[in-house]
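# Examination of the molecular architecture
Residue strings, one per chain:
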There are 4 protein chains.
Amino acid sequence: MTKQIKKIAVLTSGGDSPGMNAAIRSVVRTCAFMKLECAAIYRGYQGMIDGDFKDMTARSVNNIINKGGTILKSARCEEFRTPEGRQKAYNQLKKHNIDAFVVIGGNGSFAGGLKFNEEFNFPVMGIPGTIDNDILGTSYTIGFDTAINTVVEVIDKIRDTASSHNRLFFVEVMGRDVGHIALNAGVGAGAEEILIPEQNLGLERLLESLKRSKKSGKSSSIVIVAEGDKTGKNVFELKDYVEEHLPIYDVRVSVLGHMQRGGSPTCFDRVLASRMGVKAVEALMAGKSNYMVGIRDNNLILTPISEAIKAHTPVDEELVRVSDIMTT
Amino acid sequence: MTKQIKKIAVLTSGGDSPGMNAAIRSVVRTCAFMKLECAAIYRGYQGMIDGDFKDMTARSVNNIINKGGTILKSARCEEFRTPEGRQKAYNQLKKHNIDAFVVIGGNGSFAGGLKFNEEFNFPVMGIPGTIDNDILGTSYTIGFDTAINTVVEVIDKIRDTASSHNRLFFVEVMGRDVGHIALNAGVGAGAEEILIPEQNLGLERLLESLKRSKKSGKSSSIVIVAEGDKTGKNVFELKDYVEEHLPIYDVRVSVLGHMQRGGSPTCFDRVLASRMGVKAVEALMAGKSNYMVGIRDNNLILTPISEAIKAHTPVDEELVRVSDIMTT
Amino acid sequence: MTKQIKKIAVLTSGGDSPGMNAAIRSVVRTCAFMKLECAAIYRGYQGMIDGDFKDMTARSVNNIINKGGTILKSARCEEFRTPEGRQKAYNQLKKHNIDAFVVIGGNGSFAGGLKFNEEFNFPVMGIPGTIDNDILGTSYTIGFDTAINTVVEVIDKIRDTASSHNRLFFVEVMGRDVGHIALNAGVGAGAEEILIPEQNLGLERLLESLKRSKKSGKSSSIVIVAEGDKTGKNVFELKDYVEEHLPIYDVRVSVLGHMQRGGSPTCFDRVLASRMGVKAVEALMAGKSNYMVGIRDNNLILTPISEAIKAHTPVDEELVRVSDIMTT
Amino acid sequence: MTKQIKKIAVLTSGGDSPGMNAAIRSVVRTCAFMKLECAAIYRGYQGMIDGDFKDMTARSVNNIINKGGTILKSARCEEFRTPEGRQKAYNQLKKHNIDAFVVIGGNGSFAGGLKFNEEFNFPVMGIPGTIDNDILGTSYTIGFDTAINTVVEVIDKIRDTASSHNRLFFVEVMGRDVGHIALNAGVGAGAEEILIPEQNLGLERLLESLKRSKKSGKSSSIVIVAEGDKTGKNVFELKDYVEEHLPIYDVRVSVLGHMQRGGSPTCFDRVLASRMGVKAVEALMAGKSNYMVGIRDNNLILTPISEAIKAHTPVDEELVRVSDIMTT
């Protein structure tokens, strides 16, 4: 019934994350292994619309597994949100004899793929690539493990200078509306307090906690603040607030920013990406479409994209509890 | 029925692994959080026999979460294998008012704890700390993630010089009788071939694979060899064998050795260790004994030590397949 | 004439820098080697005033050579600027039988030591510890090499995401009134433009340069901005200015902040600190005072503190020229 | 008199070192800046003989400054040692309109260039690229700083496991006939003993030193052994010797090997390489030939190749003394 798939395209879309290149490599090499043709699409859906395609062989992806970012570039694309844009994209795919595509990205990219599939009945498979780890249907997204290690390494450095001067640091980390990076990196870095969007403990509690920490004899304190935190204050306002209400502290601020998106991926992210790439191609060849590849307890699974984009993964309540105990 | 637990001891035993300090910190702080007393035992079971104990408070474990090795030192201990040794250990525990202990280590350490429990009905809880990831009852042991990242970072460096000179490298990694480190780090580093104890593909296949790799246009090749590999040749003999039978290659050897046991733990290992420490103390307080804490799909679980030490975790067959596809 | 020196104190003062611990270790061990007593003073001049002293042996400084920050803590101290404060400090030194001290820090710390010496004729030796590399009388200060590597590693990560999205980044680095960190890290990171306090090229030139860079086919651009830059705009205002006048760029900002002060020191900084510590003690024992230890072409030299604090080291004009050529 | 230089070639030769790519980039971009043509020669002198040339523009060297190894590949070349080989090389240079070349490498590569110049009066300029830092006429060779940092980072890891088990490690590092890597990395890593080719202290002294170290209360010991060490025993034989004569130690061996040649270069090596590339091209344009670019106290200098290849740089006696004091 469905057309036999002979050529698969791969693209990266939305914000980049470390490990995307490993996923691209995996899709390309799995195609080569299965004697399928493979094309890369540059600059996400914008490149799909513009016809920015390139045929790939197993050798095209040599020596990229250890590279951050995405060799295919990425972009957000307004035009793909319009029927006209998607029609152009479809025309380009047909022109280049593409029978299916794998999109590596986050929720927005998957939603675009789903819409496209509904209109053109075109096979689409998603691989979750984002540092935020906020996608339902997988325990880990590609890039998350690298990002939390980057944050922890930086906070280890900040800790050196913080404890040399008995200072309090507010460190803002990424994560958009979810606190996964803040919570995991905060526990990993031994932060004294972690402020995440999912939990608004109030500023009173923060002051109490900092007082207790100082009293307990700690020489320095690190407070991790997720960018989407709901205290109503940004990280600079938090500094002012604490300095006013708790003048025992010399306070500093550090906003980690985009370095969290880059860097050579960790082994975990490279392996995860390699496995997901294989699964994505195999699922397409098995006639599946509109799924996202995920991982649960070391097993690869498929989740309908329609399910995956419904909500963000909640934070792990047990880890929140561990975090509280560790700051004793 | 069972005596109320008021004081818990923690020790590290066997080979050290990165993240052991984070686990020690977690046990100590969980005790503090639960208003329990806590003691550290130095040098594993040997220190238990010798009475090398020290009382710990939450502040005793400041600034150790990021440190490799174990601040409690570790050792293998022959004396603990004898009834006399274990009797001495018991006497010391009683003398220091210890009601239960948490042992962080591998199979041998757990077996010792189990034996001890059988003789003295003394509550024992295990936390899996080893870089080998070979323990049944947990998807991850503490230290494995750090070790595979260390290996991948080193191989990334070796790749630089290998491809500058079009060389073939045999890189020996740790893992004792199991291939987990070799397989994961090999996939992560993009190795051309991975030799693990669980699979003896024969030297013929190795030559075939190397020939194919050269022919496909690859400029360099990395072959990962697990230390327990079953080809019947060590890594230096492999070099000689390949140079004799496949003179197209300029071959070099690198034995990574003990650097794989050290280094600041990754965020993953720090978080895992923090969670396992909490679980271990809570399980003891819930009246459980002779269990090992493990993790499955991000949930902490308990496995009877008697089960955990029965066998090694087998390698992931699906990852072996991914590895084959990636070397296309 | 001068009193025989039998006991030397060491302190760190002002902003901390990576390698200070290696310098402390070196002073302590050189004293031990020369059969001198040695005391540590905590929290800089404030600890000197407060009598926060601790006797040190060669073993007191085990395993600190690789640690960032300073185990002696550091602080800026207003009280030491007053005659009363310095009198208290002198009384404490006498009380603890200290015959001379080595101060590890920057210009302000040296000026304090010089003033103290003038009043009490007390032997003082300086070791330059600051990430800014702005001290006359030495080619390198302790911590500079580590800081520029930290900056380059972070910019390598930012480059990954910048080139994935064809973005322009303004990256603010430390350095107070001097551009050494910006210039060296900028050349090392392959920055497209470097804005330093010593050179105000004007905003027009920046726009020209960015236009040329875009036209030449570069997919991303990194502009390094020293914190003391004299364009009259901070890094966020620069972003707004460029977005307004050069709308071809998607611009982002990253302020690296205090992470630049921390981290395990590089081999260069560890060796430099080890050498300077030996020289400082030997100079004191040779009857010298009021000097700062420096390095010129791999030879240790002494410069009168009065000379060292006169001005900042100018930037290397030849390196500015190299930087211009590299951005071709 | 001499022909006007319009096109310059660049090659890497001999063992690779981190920072070679930064030097290639600098030569290429300096040519572009000076409106000269530039060609790359692949695989060193072998590629010169084979005519493996490629024209380069400023954009050809984008994003390579941070990469280890050499994008031009390197090789040792027997054929270039023969008059016939050199004649072929000359013919290829003429055929490709090359007027001068810059060779990045070590002594052997420079000697080849000198010989070539003598026969064909062809302008040659050398840039010292080797991790060994053994070349007269420069305080630093490109790659040395990266290599000593790699060694120190690895030994920091080994130290973790060594002190967890109270072990003694013999760590073999590179350096061929000279002890620069061993001495600098040994001081940087806080090694208890450093064995270098320049100093044969005898095995007796080693045993004395290890005994003293144990007695002083040190929990672990690291002995660095340069590969060219003159004790008459290799690192495995040293282990056996110490275990036999000093059974108080549990001894392990680690041979670091080729990882020391790879890795992303440090900021120091990138800046050094950038500066040397500019100087090399400028010297050629100023009519100079048969010189090697070097650095002395932050100033770039030229040394006749005939001088540079006469001997190895001796180790710094003052640093040997510092090393002795530090192991107090």
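The model shown is predicted, which means the values in this text are computed figures rather than measured ones. (Residues numbered from 1 in each chain as written. Chains lettered and ligands numbered in written order. Predicted model: local features only at pLDDT ≥ 70, side-chain atom pairs only at ≥ 80, totals over all residues. Heavy atoms only, no water.)

### Points about the interface of chain B and chain D
Contacts between the two partners involve 32 residues from chain B, matched on the other side by 32 residues from chain D. Of the roughly 2,400 Å² buried between chain B and chain D, counting both surfaces, carbon and sulfur atoms make up 51%. When the area that chain B buries against chain D is broken down by residue, the three leading residues are B:Lys157, B:His258 and B:Met259, summing to 26%. At the junction of chain B and chain D, the tally comes to zero salt bridges. On the surface where chain B and chain D come into contact, there are 15 residue pairs in polar contact (both at pLDDT 80 or more). Listing elements by their share of the side of chain B that touches chain D, those giving two or more residues are helix H5 (144-165), strand S6 (167-173) and strand S9 (250-255) of chain B. The greatest single-element share of the side of chain B that touches chain D, amounting to nine residues, is contributed by H5(B). Here the residues of the side of chain B that touches chain D are counted per class, giving seven nonpolar, 18 polar and seven charged. (Contact = heavy atoms within 4.5 Å. Buried area = accessible area lost by both parts, 1.4 Å probe. Salt bridge = Lys/Arg side-chain N within 4 Å of Asp/Glu carboxyl O. Polar contact = N/O pair within 3.5 Å; in protein donor to acceptor, adjacent residues only side chain to side chain. Helix = DSSP H or I, 4+ residues; strand = E, 2+ residues; numbered from the N terminus. Nonpolar A, V, L, I, M, F, W, Y, C, P; charged D, E, K, R; others polar.)

### Quick notes on the pattern of salt bridges
Tallied over the entire structure, the rule returns 84 salt bridges over all chains. Between C:Arg81 and C:Glu78 there is a salt bridge; the shortest N-O distance is 3.6 Å. With a relative accessible area of 62%, C:Arg81 lands in the exposed category. Residue C:Glu78 is classed as exposed on the basis of its relative accessible area, which comes to 58%. In this structure, C:Arg167 engages C:Asp250 in a salt bridge whose closest nitrogen and oxygen atoms are separated by 2.9 Å. Taken together, the positions of C:Arg167 in strand S6 (residues 167-173) and C:Asp250 in strand S9 (residues 250-255) put the pair 83 residues apart, joining distant regions of the chain. Linked by salt bridges that have partners in common, A:Arg43, A:Asp50 and A:Asp52 make up one network. (Buried < 20%, exposed > 50% of the residue type's maximum accessible area, 1.4 Å probe, protein only.)

### Description of the sheet that holds strand S2 (residues 37-41) of chain C
Residue and element names in this part refer to chain C. Ordered in space as S3-S2-S1-S4-S5-S10-S11, the seven strands form an open sheet in which the pairing is mixed. One side of each edge strand has no neighbouring strand; the edge strands of this open sheet are strand S3 (53-55) and strand S11 (299-304). Sheet twist, expressed as the average angle between the axes of neighbouring strands with direction ignored, equals 30°. As defined by bridge partners, strand S1 (residues 7-12) adjoins S2 across four bridges and the pair is classed as parallel. Looking across to S2, one finds that Ile8 is bridged to Cys38. The sheet contacts of helix H1 (residues 20-33) involve S1, S2, strand S4 (100-105) and strand S5 (124-128), and relative to S1 the element is tilted by about 175°. (Pairing = 2+ DSSP bridges. Axes fitted to C-alpha atoms, helices over the stretch in contact; angles between N-to-C directions.)

### As for the side chain of D:Gln260
Residue and element names in this part refer to chain D. Within the secondary structure, Gln260 sits in the loop between strand S9 (250-255) and helix H9 (267-285). Take Gln260: its relative accessible area is 0%, and that puts it in the buried class. Here the side chain of Gln260 touches Gly257 through a polar contact of 2.9 Å, landing on its backbone oxygen. Aside from chain neighbours lying at most four places away, what touches Gln260 is Ile131, Ala147, Thr150, Val151, Glu172, Val173, Met174 and Ile181.

### Structural notes on the sheet that holds strand S2 (residues 37-41) of chain D
All names here are of chain D. Pairing is mixed in the open sheet, where seven strands are placed in the order S3-S2-S1-S4-S5-S10-S11. For this open sheet the edge positions go to strand S3 (53-55) and strand S11 (299-304), each flanked by a neighbour on one side alone. Looking at each pair of strands side by side, their axes are set apart by 30° on average, direction ignored. Bridge count between strand S5 (residues 124-128) and strand S10 (residues 291-296): two bridges; the pairing is parallel. Within S10, the residue paired with Gly126 across the bridge is Met292. Against the sheet, helix H1 (residues 20-33) contacts strand S1 (7-12), S2, strand S4 (100-105) and S5, and its axis sits at roughly 175° relative to S1.

### What to know about the relation of the copies chain A and chain B
At an RMSD of 0.0 Å, chain A and chain B line up after a rotation of 180° and a shift of 0.0 Å along the axis. With respect to symmetry, the two chain copies, as superposed, fit the operation of a two-fold axis. Across chain A, the rotation axis passes nearest the C-alpha of A:Asp297, at a separation of 1.9 Å. Residue by residue, 100% of the interface of chain A is reproduced at the interface of chain B, so both copies engage with the same surface. (Least-squares fit on C-alpha atoms with pLDDT ≥ 70 in both.)

### Concerning the packing of aromatic side chains
Counted by the stated rule, this structure contains 46 aromatic pairs over all chains. Arranged with centres 6.3 Å apart and planes meeting at 75°, the rings of A:Tyr45 and A:Phe101 form a pair that is edge-to-face. Linking A:Tyr45 in helix H2 (residues 44-50) with A:Phe101 in strand S4 (residues 100-105), this pair joins segments that are 56 residues apart in sequence. A single burial state applies to A:Tyr45 and to A:Phe101, both of which are buried. Seen in terms of ring centroids, B:Phe101 and B:Phe116 are 5.8 Å apart; in terms of plane orientation they differ by 50°. Their pairing is tilted. Residue B:Phe101 is found in strand S4 (residues 100-105), and its partner B:Phe116 is found in helix H4 (residues 107-120); the two are separated by 15 residues along the sequence. For the pair formed by B:Phe101 and B:Phe116, the shared burial category is buried. An aromatic cluster is present here, built from A:Tyr45, A:Phe80, A:Tyr90, A:Phe101, A:Phe116, A:Phe120 and A:Phe122 joined pairwise through their rings. When the ring centre of A:Tyr249 is taken as origin, the NZ or CZ atom of A:Lys214, which lies over that ring, is 4.6 Å away. (Phe/Tyr/Trp six-rings, centres within 6.5 Å; stacked < 30°, edge-to-face > 60°. Lys NZ or Arg CZ within 6 Å of the ring centre and 35° of its normal.)

### Points about the UniProt feature "binding site: Mg(2+)" (unreviewed entry) in chain A
Residue and element names in this part refer to chain A. Within this structure's numbering, the places UniProt gives as "binding site: Mg(2+)" (unreviewed entry) are Asn107. With respect to the helices, strands and loops of the structure, Asn107 is situated in helix H4 (residues 107-120). Judged by its relative accessible area of 17%, Asn107 falls in the buried class. Among all residues touching Asn107, those that are not within four sequence positions of it are Ile135, Ala308, Ile309, Ala311 and His312. (UniProt positions renumbered as here; feature names shortened; annotations may be inferred.)

### A word on the side chain of A:Ser213
All names here are of chain A. Note on placement: Ser213 falls in helix H7 (residues 202-215). For Ser213, a relative accessible area of 8% gives the class buried. Beyond its immediate stretch of four places on either side in the chain, Ser213 contacts Glu192, Lys218, Ser221 and Tyr249.

### Comments concerning the environment of B:Thr303
Inspection of the secondary structure assignment puts B:Thr303 in strand S11 (residues 299-304). When the C-alpha atoms of B:Thr303 and B:Asp134 are compared, they prove to be 14 Å apart, with 169 residues separating the residues in sequence.

### Section: the interface of chain A and chain B
Of the residues lining the interface, 52 residues belong to chain A; the matching set on chain B comes to 52 residues. Taking the shortest distance from any N to any O, the salt bridge between A:Asp316 and B:Arg275 comes out at 3.3 Å. Inspection of the chain A/chain B interface yields 21 residue pairs in polar contact (both at pLDDT 80 or more). With eight residues, helix H9 (residues 267-285) of chain A is the single largest residue contributor to the side of chain A that touches chain B. Among the residues forming the side of chain A that touches chain B, the class breakdown is 19 nonpolar, 17 polar and 16 charged.

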